[in-house]
Amino acid sequence: MKHGTLTKDNHAALWHGRFKEGPDAAAVEFETSIYVDERMAMDDIKGSIAHAKMLGATGIISKAESTEIIKGLESIKKDLESGKLKIDYSAEDIHSFVEATLTDRIGEAGKKVHTGRSRNDQIALDERLYLKRVIPELNSKILKLVNVLAGIAEKNTGTLMPGFTHMQHAQPVTLAHHLCAWAWSLVRDSERLNDALKRIDYSPLGSGALAGSGLALNREMVAKELGFKGVTQNSLDSVSDRDYCIEFASCFSLIQMHLSRFCEEIVLWSTTEFGFIDLSEKWSTGSSIMPQKKNPDFAELIRGRTGKVYAQLTSLLTMMKGLPLSYDRDMQEDKEPLFNAFDTVSSCLTVFTYMIESAKWNKKVMAKGCEGGYLNATDVADYLVRKGMPFRTAHGVSAKAVRLALDAGCKLEDLCIEEFKSCSDLIEEDIYDFISPEACVEVRKTTGGPSSEKVKQQIKMLKKIAKA
């Protein structure tokens, strides 16, 4: 049955009583949000069950009615999960669908489920319940990727590669050190999500449309039943707050930005010019015209979808920037950008994990990259600093040695001792012990440095975080 906006059955719009006639069919289609908010069906039912329990416990409705409502809601949940019941997309929103279906099943008692609440506080509750449910799942994906990166790093603590600044060869590092850098940014993403969860751990239900309720509601009972830490403290703020949507969209944007940066490096590293990484054919595509091509399309798609996530954050910020307190219908538009951003980040995390887990690393090519570009120039300066020379002076001496090597068309370590001594008498034969790529890496034993000892410490910490 296709229900109109104003009907005499249980599927009439929740607000229909004041109107003689309803809006045009096109208006109904324009305002309907059920296609977006249907994903919160279980959260809406969960919130309604807790609300019904409280109504019965406080005597606002009879315990028999409360029990009947709860059983009806549980039957709806069961039938939705099994597929026996389908969402009625002619309903205005998921709240309307659940309440109408409940009334279909249990009769007049179903109409009492909305006692003491508004759709304003109901949607604020549903969104919080939804986020409390799905964010831990997203966090698990982040921590799985952290664990995968730590596992690859563990096998590559001795795999040399050039480190870059300004996309120019800078200093030697290892693949393990580089992958740990990726992992630590993801750890921060995980921490941000956990921190944001703390701020939504308060139930807004009972705030009503904006001014609470004259009925003897027990908001604290509902909050405890739903696993919240407590209740929100101002009814106006409770229904007009969408900070949590914006904060999580911001978290999603940062996650996506990190994935995009990783993918940018993968795209570069997979080129013939770099040749550092060989992506699995399962996570590459070909060309419709050039038979030889093996393109890093999945990395490029993740990079490309970053703009979509940024757009969702901007959409939320723009939607909220001019709204007076408390609730405005503009806020119906909060769910689509929030859900879209979440879906994009979630799928990108999954794809990136599979892609990096199946990749092969060209260790010899990476190590060879440390041989050009004078990546050991800073180590010449550090050598002189150990001998008492001021760093700024040592910097100049090392630069002079680099100039000699450039003019000779050779590596810095290929200069003879006489050439080094022409730059400074402090340089001895032992200079060569300090300027091989391996030595440049292993000497850097400061916390967070690329030496194998320090990187192994990082890997141990990352694995512990991922398991926790």
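Residues numbered from 1 in each chain as written. Predicted model: local features only at pLDDT ≥ 70, side-chain atom pairs only at ≥ 80, totals over all residues. Heavy atoms only, no water.

Take the overall build of the protein chain next. Along the protein chain, the regular secondary structure elements total 18 helices and six strands. Its C-alpha atoms give the protein chain a radius of gyration of 31 Å, clearly above 23 Å, the size a compact globule of 468 residues would have. Oriented by its inertia axes, the alpha-carbon framework of the protein chain measures out at about 100 × 55 × 40 Å. Counting every position in the protein chain, which comprises 468 residues, the buried fraction comes to 50%. When contacts within the protein chain are restricted to residue pairs at least 6 apart in sequence, those whose partners lie at least 24 apart make up 73%. With the model as given, the accessible surface of the protein chain reaches about 22,600 Å², and the carbon-plus-sulfur share is 54%. Averaging the locations of the 61 positively and 65 negatively charged side chains of the protein chain gives two centres separated by 4 Å. (Helix = DSSP H or I, 4+ residues; strand = E, 2+ residues; numbered from the N terminus. Rg over C-alpha atoms; globule rule 2.2 N^0.38 Å. Buried < 20%, exposed > 50% of the residue type's maximum accessible area, 1.4 Å probe, protein only. Contact = heavy atoms within 4.5 Å. Areas by Shrake-Rupley, 256 points an atom, 1.4 Å probe, with all protein chains shown as cover. Lys, Arg positive; Asp, Glu negative; His and termini not counted. Charge placed at Lys NZ, Arg CZ, Asp CG, Glu CD.)

A few words now on a nonpolar patch on the surface. On the surface, Leu210, Leu236 and Leu325 cluster together to form a nonpolar patch covering roughly 270 Å² of accessible area. Tracing the sequence through the fold places Leu325 in the loop between helix 11 (297–320) and helix 12 (335–357). Given a relative accessible area of 64%, Leu325 falls into the exposed group. (Patch = residues over 30% accessible without salt bridge, like charges linked within 9 Å, V, L, I, M, F, W, Y side chains within 5 Å. Salt bridge = Lys/Arg side-chain N within 4 Å of Asp/Glu carboxyl O.)

Quick look at the packing of aromatic side chains now. The full count for this structure, using the stated rule, is 17 aromatic pairs. Look at Tyr130 and Phe342: their rings are 6.4 Å apart centre to centre, the planes differ by 70°, and that puts the pair in the edge-to-face class. Of this pair, Tyr130 sits in helix 6 (residues 119–154) while Phe342 sits in helix 12; the two residues are 212 residues apart in sequence, bridging distant segments of the chain. The pair Tyr130 / Phe342 is uniform in exposure class, with both members buried. Members of the aromatic cluster, each reached through a chain of ring pairs, are Phe164, Trp182, Phe262, Trp269, Phe274, Phe276, Phe352 and Trp361. (Phe/Tyr/Trp six-rings, centres within 6.5 Å; stacked < 30°, edge-to-face > 60°.)

Between helix 7 (residues 175–199) and helix 10 (residues 243–269), the shortest axis-to-axis distance is 9 Å and the interhelical angle comes to 170°. Classed by the angle they form, the pair helix 7 and helix 10 counts as roughly antiparallel. Contacts between helix 7 and helix 10 involve His178, Trp182, Ser185, Leu186, Arg188, Asp189, Arg192, Leu193, Ala196, Leu197 and Arg199 from the first element and Glu247, Phe248, Cys251, Phe252, Leu254, Ile255, His258, Phe262, Glu265, Ile266 and Trp269 from the second. Partitioning the contact of helix 7 with helix 10 into residue classes produces 13 nonpolar, three polar and six charged. (Axes fitted to C-alpha atoms, helices over the stretch in contact; angles between N-to-C directions. Parallel < 35°, antiparallel > 145°, perpendicular 65-115°, else oblique. Nonpolar A, V, L, I, M, F, W, Y, C, P; charged D, E, K, R; others polar.)

The next point concerns unusual backbone geometry. For the bond from Leu325 to Ser326, the omega torsion is 10°, close enough to zero to count as cis. Here Ser326 lies in the loop between helix 11 and helix 12. A positive phi angle is found at His166, which is not glycine, with a value near 55°. You can see His166 is positioned in the loop between strand 1 (160–165) and strand 2 (168–174). Among the residues examined, His166 registers a relative accessible area of 75% and is labelled exposed.

For the α-helix, the turn length of 3.6 residues means that residues three or four positions removed from each other point alike. Across its 20 residues, helix 4 (residues 63–82) extends 28 Å between first and last C-alpha, which sits within 8% of the 28 Å expected from 1.5 Å per residue. Along helix 4, the residues that are buried comprise Glu65, Ser66, Ile69, Ile70, Gly72, Leu73, Ile76, Asp79 and Leu80. Looking at the buried side of helix 4, the elements it contacts are helix 3 (41–57) and helix 5 (94–106). (Expected span 1.5 Å × (residues − 1).)

With that settled, consider the side chain of Thr306. Structurally, Thr306 can be placed in helix 11. The exposure class assigned to Thr306 is buried, which follows from its relative accessible area of 5%. Side-chain polar atoms of Thr306 contact the backbone oxygen of Arg303, separated by 3.1 Å. The contact partners of Thr306, leaving out residues within four places of it in the chain, are Gln256, Met257 and Ser260. (Polar contact = N/O pair within 3.5 Å; in protein donor to acceptor, adjacent residues only side chain to side chain.)

Bringing the pairing of strand 2 into the picture now. Bridge count for strand 1 against strand 2 is six bridges, and the pairing is antiparallel. By the bridge assignment, Phe164 is partnered in strand 2 with His169. Between strand 1 and strand 2, which pair antiparallel one after the other, the connecting turn spans two residues, and His166 there sits at a positive phi close to 55°. (Pairing = 2+ DSSP bridges.)

In this section: the packing of helix 3 against helix 5. Their axes nearest at 10 Å, the elements helix 3 and helix 5 cross at an angle of 60°. As far as their axial angle goes, helix 5 and helix 3 are oblique. Considering the relative orientation of helix 3 and helix 5, their crossing is right-handed. Side by side, helix 3 and helix 5 meet where Ala41, Asp44 and Ile45 of the first sit next to Ile94, His95 and Val98 of the second. A per-class count over the contact of helix 3 with helix 5 returns four nonpolar, one polar and one charged. (Left-handed = near helix turned anticlockwise from the far one by under 90°.)

So, about the pattern of salt bridges. The final tally for this structure, using the stated rule, is 30 salt bridges. A salt bridge links Lys463 to Glu154; its shortest N-O distance comes to 2.6 Å. Linking Lys463 in helix 18 (residues 452–467) with Glu154 in helix 6, this pair joins segments that are 309 residues apart in sequence. For Asp334, the salt bridge identified is with Arg242, shortest N-O distance 2.7 Å. With Asp334 in the loop between helix 11 and helix 12 and Arg242 in the loop between helix 9 (235–240) and helix 10, this pair connects stretches of sequence that are 92 residues apart. Each member of the pair, Asp334 as well as Arg242, is classed as buried. Through salt bridges with shared partners, a single network forms among Glu31, Glu92, Asp93, Arg119 and Arg329.

For the rest of this paragraph, the subject is the nonpolar core. In this structure, Phe248, Phe252, Phe352 and Ile356 are the most contacted members of the largest nonpolar core, which totals 73 residues. Sorting the residues of this core by element identifies helix 6, helix 7, helix 10, helix 11, helix 12 and helix 18 as the ones contributing at least two each. Filtering out sequence-adjacent residues up to four positions away, Phe352 remains in contact with Leu145, Trp182, Leu259, Phe262, Cys263, Ile266 and Ile302. (Core = buried A, V, L, I, M, F, W, Y, C linked by side-chain atoms within 4.5 Å.)

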